[in-house]
Amino acid sequence: MKYGLIAGSGRFPLLALESARQLGHEMVAVGIKGEASPEIEKLAPRAHWISIGQLGKLIDILHSEGISEIFLAGQVKHVSIFSNVRPDWRLLKLLATLPRKNTDSLIGALQRALEEEGIRFSDSTALLKPLLADEGVITKRKPNKDETANIDYGRPIANTLAGYDVGQSIAVCERACVALEAMEGTDQMLLRAASLVNGRPITLVKVARRRRHMLFDVPVLGLETVNVMRETHTTAVAVDANSTLLLDRGDLVEQANAAKIAIIGIKGRSS
């Protein structure tokens, strides 16, 4: 069976394509211009490129390739919806039906539009299950007493935030919420938080959406965020076990250990 991959930014789509090739699956890539890495052309048997507003072109590509099952991998910056991107008539029609423009509404509407064309979404982590965070301490160092208190304080807040489909992460310092993630993403949130706490240690709390599927918008932790954590004196991170991808897991854990950053997976998705 032939699969399609809609590729956004970051390592997620590259790792998914590598895994598909190793497993012998034919996976055609459709890269979002300005988001996806050119490396998808080396990893996929065929790669197409579309602008973020070209829903009609996306559907035409998938039909021409005979694809009825797709994966979404990688981030598409939410602020792109508010940029100067010109939607085609199909996307314009879709956007006109939305009561709001949060992630669930936007991608949910895309999912319904593609299903009407006989194209269904699949679990975006299906090819990368070994990279999902385990339950328990993942690094050499476990969270200390203060970090654990920050995590216990922060998870209910992060879960509520995720329930409103605003963001997935919060920054906590001394059991106070310093910053909430919105459209800027985790790394920019941490930089903003660091500017507010005068060098005091920050704890990052990242949770999954309040949904029972893994079709899109799966939380990820990657090397870039670990580098930002080091820069911002973010000393620990808690993620939802079994529903958060640790991209380049071996290198990520190694770098976290070198920086004495604690990573812990906590049981259960947000619900």
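For the structure itself, look to the data block above.
The paragraphs below set out a description of the structure included in this document. Since this is a predicted model, take the numbers as computed values, not measurements.

### Points about the overall build of the chain
Along the chain, the regular secondary structure elements total nine helices and 13 strands. Residues classed as buried in the chain amount to 52% of the 271 residues present. The contacts in the chain between residues at least 6 apart in sequence include a share of 73% that link residues at least 24 apart. For the chain, the exposed surface amounts to about 12800 Å²; the carbon and sulfur share of it is 51%.

### Observations regarding the sheet that holds strand E2 (residues 26-32)
Strand order in the open sheet formed by five strands is E3-E2-E1-E4-E5, with parallel pairing between adjacent strands. Two strands in the sheet have a free side with no partner beyond their single neighbour: strand E3 (47-50) and strand E5 (120-121). In this sheet, E3 lies alongside E2 in parallel orientation, the contact comprising four bridges. Across the sheet, the residue bridging to Ala29 is Ala47, located in E3.

### Considerations on the nonpolar core
In terms of nonpolar packing, the biggest core is built from 24 residues, with Leu5, Phe12, Leu17, Met27, Ile40, Leu128 and Leu245 touching the most fellow members. For this core, the secondary structure elements donating two or more residues are strand E1 (2-7), helix H1 (12-22), E2, helix H2 (40-43) and strand E4 (69-73). Residue contributions to this core peak at six residues, all from H1. Once residues lying within four places of it in the same chain are set aside, the contact partners of Leu245 are Phe12, Thr125, Leu128, Leu131, Leu132, Val218, Pro219, Val220 and Leu221.

### Here we look at the environment of Phe71
Mapped onto the elements, Phe71 comes out in strand E4. By relative accessible area, which is 7% here, Phe71 ends up buried. Residues Phe71 and Pro13, spaced 58 residues apart in sequence, show a C-alpha to C-alpha distance of 9.2 Å.

### Description of the side chain of Ser169
Following the sequence through the fold, Ser169 ends up in strand E7 (residues 169-173). Its relative accessible area of 0% is what places Ser169 among the buried residues. There is a polar contact of 3.4 Å between the side chain of Ser169 and the side chain of Thr186. Residues in contact with Ser169, not counting those within four places in the same chain, are Leu161, Leu180, Glu181, Thr186, Met189, Leu204, Val205 and Lys206.

### Digging into the side chain of Thr244
Inspection of the secondary structure puts Thr244 in the loop between strand E11 (234-240) and strand E12 (245-246). Overall, the relative accessible area of 0% leaves Thr244 in the buried class. A polar side-chain atom of Thr244 sits 2.9 Å from the main-chain carbonyl oxygen of Asp240.

### Concerning the environment of Glu35
In this structure, Glu35 sits in the loop between E2 and H2. For the pair Glu35 and Gly10, spaced 25 residues apart in the sequence, the C-alpha separation amounts to 8.0 Å.

### Focus: unusual backbone geometry
Excluding glycine, most residues fall at negative phi; most peptide bonds, likewise, are trans. You will see that Glu174, though not glycine, has its phi angle at about 55°, which is positive. Looking at the secondary structure, you find Glu174 in the loop between E7 and strand E8 (176-180). Here Glu174 falls in the partly exposed class, since its relative accessible area comes to 47%. Of note in this structure, Asn242 is not a glycine but carries a positive phi near 70°. Residue class for Asn242 comes out partly exposed when judged on its relative accessible area of 48%.

### What about helix H6 (residues 145-163)?
Helix length check: H6, at 19 residues, gives a terminal C-alpha distance of 28 Å against a target of 27 Å (1.5 Å per residue), a fit within 8%. The largest bend in H6 amounts to roughly 35° and is located at Gly154, with the proline Pro156 lying one to four residues further along. Within the sequence span of H6, burial applies to Glu147, Asn150, Ile151, Gly154, Arg155, Ala158, Asn159, Leu161 and Ala162. If you check the start of H6, you find a side-chain oxygen 3.1 Å away from the backbone N of Asp146, and it comes from Asn144. At the exit of H6 stands Asp165, carrying a positive phi of roughly 55°.

### Notes on the environment of Ile119
Residue position: Ile119 is located in the loop between helix H5 (103-115) and E5. Note on Ile119: relative accessible area 1%, which makes it buried. With 60 residues separating them in the primary sequence, Ile119 and Ile59 have C-alpha atoms 8.8 Å apart. If we ignore the near neighbours within four places in the chain, the residues touching Ile119 are Leu62, His63, Ile67, Ser68, Ile70 and Leu114.

How each quantity is defined
- Residues numbered from 1 in each chain as written.
- Predicted model: local features only at pLDDT ≥ 70, side-chain atom pairs only at ≥ 80, totals over all residues.
- Heavy atoms only, no water.
- Helix = DSSP H or I, 4+ residues; strand = E, 2+ residues; numbered from the N terminus.
- Buried < 20%, exposed > 50% of the residue type's maximum accessible area, 1.4 Å probe, protein only.
- Contact = heavy atoms within 4.5 Å.
- Areas by Shrake-Rupley, 256 points an atom, 1.4 Å probe, with all protein chains shown as cover.
- Pairing = 2+ DSSP bridges.
- Core = buried A, V, L, I, M, F, W, Y, C linked by side-chain atoms within 4.5 Å.
- Polar contact = N/O pair within 3.5 Å; in protein donor to acceptor, adjacent residues only side chain to side chain.
- Expected span 1.5 Å × (residues − 1).
- Bend = angle between axes of the 7 residues up to and from the residue.

By themselves, these observations are geometric and do not establish any function.
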